[in-house]
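One-letter residues, chain by chain:
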Amino acid sequence: MRHAFLTDAQIDARALAHRRGLGFRDEQAIDAMTLLVKLKARYPEFAYERVADGSLGEAEAQWDSQAKRLLIPESVFQAANRGEGRALMTVAHEVGHALLGHQGSLDRAPAGSRAERVSAKLRSMEYQARRYAAAFLIPDTPAVRQLDATALSERYRVSMSAAIVRHSELRSGESARALPLRQAALDI
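A brief structural summary. Here the structure is a predicted model, which means the values were calculated and not measured.

Remarks on the overall build of the protein chain
Point 1. The number of helices and strands found in the protein chain is 9 helices and 4 strands.
Point 2. Classification of the 188 residues of the protein chain by burial places 45% in the buried group.
Point 3. Look at the contacts in the protein chain between residues 6 or more apart in sequence, and 57% of them connect residues 24 or more apart.
Point 4. About 9,800 Å² of surface is accessible on the protein chain, with carbon and sulfur atoms providing 55% of the total.

And the structure:
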């Protein structure tokens with residue numbers, strides 16, 4: 001299966017559709033256990049497993065597309081359940097691999113890993129999963145675009161650094177969202 005290239009706008013749209021399809025409201029923060037339960041209810045083949053810390057090497061979590069299973073180290077699982085932003089982002093990142101249909105055994109590990117440096121396909125899938133996680137946790141809606149990074153961090157219970165990055169994405173994407181509308185007007 002050939003890996004699909006997705007634009008940032010396509011990733012954001014899919015994340016928003018998945019978020020809403022799982023029953024999360026746009027203004028609602030996502031908690032890890034509710035997410036995992038809703039994924040299992042919506043996709044019966046989906047599974048997650050808590051694994052011992054260190055069993056995935058330097059990976060913070062792992063999606064295995066063949067087994068359709070998300071592996072979450074115990075410390076990450078506990079941190080996500082406590083609402084710690086980085087751990088929640090880790091879970092959302094792996095969910096992104098799953099719902100974007102990425103194939104293989106994919107890890108959330110530090111960016112720029114050796115594998116990412118060697119494989120353009122892996123680099124693309126990791127970028128998409130990172131973007132998806134941010135868009136899934138902080139949806140791109142007109143009301144959300146009005147919030148500053150502090151408000152994003154507080155409302156969606158993500159780290160301040162994640163909120164700053166997402167705020168920047170939402171701000172820079174305003175012109176990208178307007179482009180198809182301008183193009184459509186020219187095509188008429």
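Side note on the environment of glutamine 128
Point 1. Assignment of secondary structure puts glutamine 128 in helix α6 (residues 120-137).
Point 2. The class of glutamine 128 is buried, set by a relative accessible area of 2%.
Point 3. The spacing of glutamine 128 and aspartate 8 is 120 residues in sequence and 8.0 Å in space, taken between C-alpha atoms.

A closer look at the environment of alanine 151
Point 1. You can see alanine 151 is positioned in helix α8 (residues 149-156).
Point 2. Overall, the relative accessible area of 23% leaves alanine 151 in the partly exposed class.
Point 3. Sequence separation of alanine 151 and alanine 163 is 12 residues, and the distance between their C-alpha atoms is 8.5 Å.

Looking at the packing of aromatic side chains
Point 1. Tallying each qualifying case throughout the model produces 4 aromatic pairs.
Point 2. Ring geometry for phenylalanine 24 and phenylalanine 136: centres 6.4 Å apart, planes at 80 degrees, overall edge-to-face. With phenylalanine 24 in the loop between α1 (8-21) and α2 (32-42) and phenylalanine 136 in helix α6, this residue pair connects regions lying 112 residues apart in the sequence. There is no split in this pair, since phenylalanine 24 and phenylalanine 136 are both buried.
Point 3. Aromatic pair tyrosine 132 and phenylalanine 136: ring centres 5.7 Å apart, planes at 15 degrees, arrangement stacked. Highlighted residues: tyrosine 132 and phenylalanine 136, both in helix α6, separated by 4 residues, approximately one helical turn.

Some words on α8
Point 1. Where α8 is concerned, the buried positions are Ala149, Leu152, Ser153 and Tyr156. Across the axial projection of α8, the buried residues extend over an arc of 100 degrees, all falling on one side.
Point 2. For α8, the N-terminal cap is aspartate 148; the gap from its side-chain oxygen to the backbone nitrogen of threonine 150 is 3.3 Å.
Point 3. Within two residues after α8, arginine 157 carries a phi angle of roughly 55 degrees, on the positive side.

Cut-off values and rules
Residues numbered from 1 in each chain as written. Predicted model: local features only at pLDDT ≥ 70, side-chain atom pairs only at ≥ 80, totals over all residues. Heavy atoms only, no water. Helix = DSSP H or I, 4+ residues; strand = E, 2+ residues; numbered from the N terminus. Buried < 20%, exposed > 50% of the residue type's maximum accessible area, 1.4 Å probe, protein only. Contact = heavy atoms within 4.5 Å. Areas by Shrake-Rupley, 256 points an atom, 1.4 Å probe, with all protein chains shown as cover. Phe/Tyr/Trp six-rings, centres within 6.5 Å; stacked < 30°, edge-to-face > 60°. Arc of directions from axis to C-beta. Polar contact = N/O pair within 3.5 Å; in protein donor to acceptor, adjacent residues only side chain to side chain.

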